Amino acid sequence: MITCTKELKSSYLKDIIRQIKLKNNFEPEFIQAVEEVLSSLEPVILEHEEEFKASALLERLVEPERIISFRVPWVDDKGQVQVNRGYRVQFNGSIGPYKGGLRFHPSVNQSIMKFLGFEQIFKNALTGLPIGGGKGGSDFDPKGKSDMEVMKFCQSFMNELQKHIGQDTDVPAGDIGVGAREIGYLFGQYRKIRNTFEAGVLTGKGLEYGGSLVRKEATGYGLMYFMKEMLKANNIDIKNKTVIISGSGNVAIYACEKAQQMGANVVAMSDSSGCIYDKDGIKNNIIKNIKEVNRGRIKDYLHDVPTAQYYENNSNIPPVYNIKADIILPCATQNDITIDTAKLLVKNGCMAIGEGANMPCSNEAIEYFLGNNILLAPGKAANAGGVATSALEMCQNSMRYFWSFDEVDKKLENTMINIFNQCKNASEKYGYKNNYVAGANIAAFMKVSNAMKEQGII
Ligand code: NDP
Ligand code: 2IT
């Protein structure tokens, strides 16, 4: 399905992909995300080629409505001035206020911001909730920084960001390196500058000041609700299946929790330094303590469970992927699974991949999985539970009310089942078999392109 550009039939599509590569020459992640989406849309584009061409629909779809880039100066604990670069990409607001996370990681650059913003447009459309696509962040590295330094950075970041966001304009949330602590500091600074308690301006807030129950768990839980539904549609029971998870952050921890609740056996998790293997099943409360409380390394697991094993990252294939499992959940970062890793996973007999992270599989890896009949739950559908619950947080903020844990959890589960059905139906309608990657892209594109069409050339 992710057809090579040279195999495409639509001359319009080929031309667009050529233009995007030329225009965004230095943005490989963005080109990768666009190529994956556009090539799978070919059957829809062929049906409407003249209409899309006349309104330059694809040209407009791949050009962000706005990119904001700004200086973030702050003073570290030694009194030295540090300068980082901040971003907000407001990609597409046709179905609601821009919505998407903030990533604080040293690798952040415009290419990564644009790929994440582009993915978010389609993900948000799949939720069925009124949210457009955006993303932001900074090359700031929270690792090893004191709380005070993180606070000072967040305050400086918000000094500029506040000019561009608002509950009806653009609503940021967390992503890599941005959790409850950072959202708290960002919200505090926004409230101070604007002199207003505008709860709906950020999501992922603490429960005491407008946060929603289940938001913390939502991406990981949602991933597993999607996975269960995908397996069920293929007559597979998740119970007793072996699972490995790449990453041990917010998404990974709650994917692990829900997988265990569903009766699966999670045997490995990782961070950027290495992975742990516990054949008796990962003790998730220990991982939570290491990552959520101590901000430590995954290796620390061995202090509590000396029978577990630790493998350091030292080759192009992260060691977590050497461990045999039925279900693979990449929940760390983009391009974690390259073609070499994909070949290894297939050789080791995996049956399903659930993308908790955004774009964790390279396009070649996706192609390889699909070609080998591996069930692939694409990130923009399978990890949409986080942003869907963010939209529920916005809804509760507007009502000045809140729902119970079970109420939000049930809405999340229904949303994920609905997203799975959209992927399945769109994939079948266009002649793809069990190709939920194409299904997600097509179902989302139909919504966004219709909204763009009805709003005219803007
Ligand atoms: P966290 O910061 O909580 O955790 C990130 C995890 O991934 C950590 O274990 C981290 O290890 C690992 N990781 C990050 N970067 C790298 C890297 N370059 N190489 C190897 N490992 C890395 O982030 P989240 O759990 O929130 O996000 C994980 C993924 O899920 C991201 O792709 C994000 O975009 C996506 N996502 C997040 C959502 C959310 O609601 N939070 C919603 C939907 C998608 P270490 O600590 O060593 O860096
Ligand atoms: O990638 C994502 O969907 C997120 N980081 C969550 C975004 C949000 O607004 O909750």
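Reading guide: rules and limits
Residues numbered from 1 in each chain as written. Chains lettered and ligands numbered in written order. Predicted model: local features only at pLDDT ≥ 70, side-chain atom pairs only at ≥ 80, totals over all residues. Heavy atoms only, no water. Helix = DSSP H or I, 4+ residues; strand = E, 2+ residues; numbered from the N terminus. Rg over C-alpha atoms; globule rule 2.2 N^0.38 Å. Buried < 20%, exposed > 50% of the residue type's maximum accessible area, 1.4 Å probe, protein only. Contact = heavy atoms within 4.5 Å. Areas by Shrake-Rupley, 256 points an atom, 1.4 Å probe, with all protein chains shown as cover. Lys, Arg positive; Asp, Glu negative; His and termini not counted. Charge placed at Lys NZ, Arg CZ, Asp CG, Glu CD. Near = heavy atom within 4 Å. Polar contact = N/O pair within 3.5 Å; in protein donor to acceptor, adjacent residues only side chain to side chain. Nonpolar A, V, L, I, M, F, W, Y, C, P; charged D, E, K, R; others polar.

**Side note on the overall build of the protein chain**
Argument step 1. Along the backbone of the protein chain there are 18 helices and 12 strands.
Argument step 2. A compact globule built from 458 residues would reach a C-alpha radius of gyration of about 23 Å, and the protein chain, at 21 Å, matches this within 12%.
Argument step 3. Dimensions of the protein chain along its principal axes, counting C-alpha atoms only, are 60 × 55 × 40 Å.
Argument step 4. Counting over 458 residues, the protein chain shows a buried share of 60%.
Argument step 5. For the protein chain, long-range pairs separated by at least 24 residues make up 72% of all intrachain contacts whose partners lie at least 6 apart in sequence.
Argument step 6. Carbon and sulfur atoms provide 49% of the accessible area of the protein chain, an area that totals close to 18,500 Å².
Argument step 7. Put simply, the protein chain has 53 plus and 52 minus side-chain charges, and the middle of one group is 1 Å from the middle of the other.

**Comments concerning the site of ligand 1**
Argument step 1. With respect to spatial proximity, 25 residues lie near ligand 1, and among them Asp 175, Thr 219, Ser 272, Arg 297 and Asn 358 are the closest.
Argument step 2. Between Arg 103 and ligand 1, the recorded distance is 2.9 Å, taken from a side-chain N or O atom to an oxygen atom.
Argument step 3. Thr 219 is positioned with one of its side-chain polar atoms (N or O) 2.8 Å from an oxygen atom of ligand 1.
Argument step 4. When ligand 1 is considered free in solution it has 880 Å² of accessible area, and contact with the protein chains removes 84% of it.
Argument step 5. Looking at the shell around ligand 1, the elements with two or more residues in it are helix 9 (215–233) and helix 10 (250–261).

**A look at the site of ligand 2**
Argument step 1. If you check the shell around ligand 2, you find 14 residues, and the closest are Lys 99, Lys 123, Asp 175, Arg 215 and Ser 390.
Argument step 2. In the environment of ligand 2, a nitrogen atom lies 3.0 Å from a nitrogen or oxygen atom belonging to the backbone of Gly 174.
Argument step 3. Alone, ligand 2 offers 290 Å² of accessible surface; in the complex the protein occludes 94% of this.
Argument step 4. Among the elements of the structure, strand 3 (98–104), helix 6 (110–126) and helix 16 (385–399) are those that each provide at least two residues to the shell around ligand 2.
Argument step 5. Grouping the amino acids of the shell around ligand 2 by side-chain chemistry returns 2 nonpolar, 7 polar and 5 charged.

**Topic: the environment of Tyr 209**
Argument step 1. By the element assignment, Tyr 209 lies in the loop between helix 8 (180–194) and helix 9.
Argument step 2. Taking the C-alpha atoms as reference, Tyr 209 lies 20 Å from Gly 100; in sequence the two are 109 residues apart.
Argument step 3. Tyr 209 has contacts with Ala 180, Ile 183, Gly 184, Phe 187 and Phe 197, leaving out every residue within four places of it along the chain.

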